[in-house]
Amino acid sequence: MSLPCPADRAACVAWVDVSSITAQDASAWASRLPQAERDRFARYRHPLSAQQFLVGRLLIRSWLESLTGTAAAAWELKAGERGRPEIASPPSPWSFNLTHSGNLVACVLSSVAQVGVDLEDLDRRPLTRDLAQRFCAPAEVADIERRPEAEQTHRFLAYWTLKEAYLKARGIGVAVHLADLEFTLAGEHPTINFRESLVGTSRDWAFALFQPLPRYLLSVAVPQVAGSPRPDITVSPVTLDALTTR
Ligand SMILES: CC(C)(COP(=O)(O)OP(=O)(O)OC[C@H]1O[C@@H](n2cnc3c(N)ncnc32)[C@H](O)[C@@H]1OP(=O)(O)O)[C@@H](O)C(=O)NCCC(=O)NCCS
């Protein structure tokens, strides 16, 4: 499967399952990365973390190459203000963000600046009441607690990924109190409301929540120009072959 091409003002997410990668594959593919990323790959102690990093960088680099013809390794990616990785050169209209959890790695790419994406493995993080109270707005906590116990972790992680996608789009982290970001999941698309410390923040964002595989939730945040149509947000799988055989 080839890498999707984002239309103007739309955002595309591509995700890859890394579970079939062997240590040998990973070492061979790392040679496609620029030296600084190869060094970082070599520093990971946990093989899955190394593979997640490797595949994330192969994904964005292969995608940029397929859109522009500029070789994957020629793109310079730099941590911008607040540590958010961005394209430093060559000049391009693209904004991207990466996420990984368990065996999945995903990247959102868009011509809209400042997009964010977050993945969570539903099997990874059992919900405790304390977690919901700490990170969710009162209306979100009430919505989670209204659900049967078996559905509560899923609902919590839906809110969690939306909050993280928004924070990652903005490149802001610990400075924000997560419970002041309040999402509503009642309509066709998730919507955001800013509370307390965040009152007055711009609401011009479009969000989407997906379940690419039964075990994973994925949320995307895309800035929306006030009064213009909602950006189209699509998600599709890509194979490791699409990243490693060009
Ligand atoms: C840095 C941070 C964004 C990573 O998020 P995460 O959920 O642990 O990990 P994800 O897999 O979703 O994302 C990791 C990728 O995000 C990207 N990233 C790194 N710093 C980022 C930042 N400041 N903003 C946006 N994206 C960032 C990187 O591409 C990274 O992957 P790579 O290093 O392999 O290239 C996260 O630690 C953070 O600051 N989150 C903000 C929300 C927060 O404070 N939550 C409370 C935690 S208790």
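Summarised in this report is the structure supplied together with it. Predicted model only: the values in this text are computed from it and were never measured.

1. Topic: the overall build of the protein
- Within the protein, the secondary structure is distributed over seven helices and eleven strands.
- Taken against the 2.2 N^0.38 rule, which gives 18 Å for 246 residues, the C-alpha radius of gyration of the protein at 18 Å falls within 12% of a compact globule.
- Expressed as lengths along the three principal axes of its C-alpha atoms, the size of the protein is roughly 50 × 40 × 30 Å.
- By the burial criterion, 49% of the 246 residues in the protein qualify as buried.
- Of the contacts made within the protein by residues no fewer than 6 positions apart, 59% connect residues no fewer than 24 positions apart.

2. Description of the sheet that holds strand S10 (residues 216–223)
- Across the sheet, three strands lie side by side as S6-S10-S9; this open sheet has antiparallel pairing. Each edge of the open sheet carries a strand with a single partner, namely strand S6 (116–121) and strand S9 (205–210). When the angles between neighbouring strand axes are averaged without regard to direction, this sheet yields 15°.
- Inspection of the sheet shows S6 paired to S10 by six bridges, in the antiparallel sense. Bridging across to S10, valine 117 finds its partner in valine 220.
- Against the sheet, helix H6 (residues 149–170) touches S6, S9 and S10, its axis set at about 150° to S6.

3. Some points on the site of the ligand
- Taken together, 19 residues are adjacent to the ligand, and Arg40, Arg57, Thr99, His100 and Lys168 come closest.
- In this structure, an oxygen atom belonging to the ligand sits 2.7 Å away from a side-chain N or O atom of threonine 99.
- Within the side chain of histidine 100, one N or O atom sits 2.8 Å away from an oxygen atom of the ligand.
- In isolation the ligand exposes 900 Å². Once the protein is present, 70% of that is buried.
- Listing elements by their share of the shell around the ligand, those giving two or more residues are helix H3 (47–68), strand S4 (95–101) and H6.

4. A look at the sheet that holds S4
- As summarised here, the arrangement of the four strands in space is S4-S5-S1-S11, forming an open sheet in which the pairing is mixed. Of all strands in the sheet, those with a lone pairing partner are S4 and strand S11 (233–237), marking the two edges. Neighbour to neighbour, the strand axes of the sheet diverge by 15° on average, direction disregarded.
- The pairing of strand S1 (residues 11–17) with strand S5 (residues 104–110) spans seven bridges and is antiparallel. Counted as the bridge partner of aspartate 17 is leucine 104 from S5.
- Contacts from H3 reach S1, S4 and S5 within the one sheet, and its direction differs from that of S5 by about 30°.

5. Concerning the packing of aromatic side chains
- By the definition in use, this model includes seven aromatic pairs.
- Centroid distance phenylalanine 156 to tryptophan 160: 6.0 Å. Interplanar angle 35°. Geometry classified as tilted. Note that phenylalanine 156 and tryptophan 160 are positioned in helix H6 at a spacing of four residues, about one turn of the helix.
- Residue classification places tryptophan 160 among the buried residues on the basis of a relative accessible area of 9%.
- Taken together, Tyr166, Phe183, Phe194, Trp205 and Phe207 form an aromatic cluster joined through their ring pairs.

6. Here's the deal with the nonpolar core
- With 32 residues, the main nonpolar core has Leu54, Val55, Leu59, Ile60, Phe96 and Leu243 as its most contacted residues.
- Looking at this core, the element that brings in the most residues is H3, giving nine residues.
- Those residues in contact with isoleucine 60 that lie beyond four places of it in its chain are Leu77, Phe96, Leu98, Cys107 and Leu109.
- Phe135, Leu178, Leu181 and Phe194 belong to the second largest nonpolar core, which has 30 residues in total.

7. A closer look at the pattern of salt bridges
- Tallying each qualifying case throughout the model produces twelve salt bridges.
- Residue arginine 61 is joined to glutamate 37 by a salt bridge in which the shortest nitrogen-to-oxygen separation is 3.0 Å. Placement of the pair is arginine 61 in helix H3 and glutamate 37 in helix H2 (residues 35–43), with a sequence separation of 24 residues. For the pair arginine 61 and glutamate 37, one class covers both residues: buried.
- Across the salt bridge formed by aspartate 180 and arginine 195, the nearest N and O atoms sit 3.6 Å from each other. Taken as a pair, aspartate 180 in the loop between H6 and strand S7 (181–184) and arginine 195 in the loop between strand S8 (191–194) and S9 lie far apart in primary sequence, 15 residues in all. Of the two residues, aspartate 180 and arginine 195, neither departs from the other in class, the shared state being buried.

Procedures and definitions
Residues numbered from 1 in each chain as written. Predicted model: local features only at pLDDT ≥ 70, side-chain atom pairs only at ≥ 80, totals over all residues. Heavy atoms only, no water. Helix = DSSP H or I, 4+ residues; strand = E, 2+ residues; numbered from the N terminus. Rg over C-alpha atoms; globule rule 2.2 N^0.38 Å. Buried < 20%, exposed > 50% of the residue type's maximum accessible area, 1.4 Å probe, protein only. Contact = heavy atoms within 4.5 Å. Pairing = 2+ DSSP bridges. Axes fitted to C-alpha atoms, helices over the stretch in contact; angles between N-to-C directions. Near = heavy atom within 4 Å. Polar contact = N/O pair within 3.5 Å; in protein donor to acceptor, adjacent residues only side chain to side chain. Areas by Shrake-Rupley, 256 points an atom, 1.4 Å probe, with all protein chains shown as cover. Phe/Tyr/Trp six-rings, centres within 6.5 Å; stacked < 30°, edge-to-face > 60°. Core = buried A, V, L, I, M, F, W, Y, C linked by side-chain atoms within 4.5 Å. Salt bridge = Lys/Arg side-chain N within 4 Å of Asp/Glu carboxyl O.

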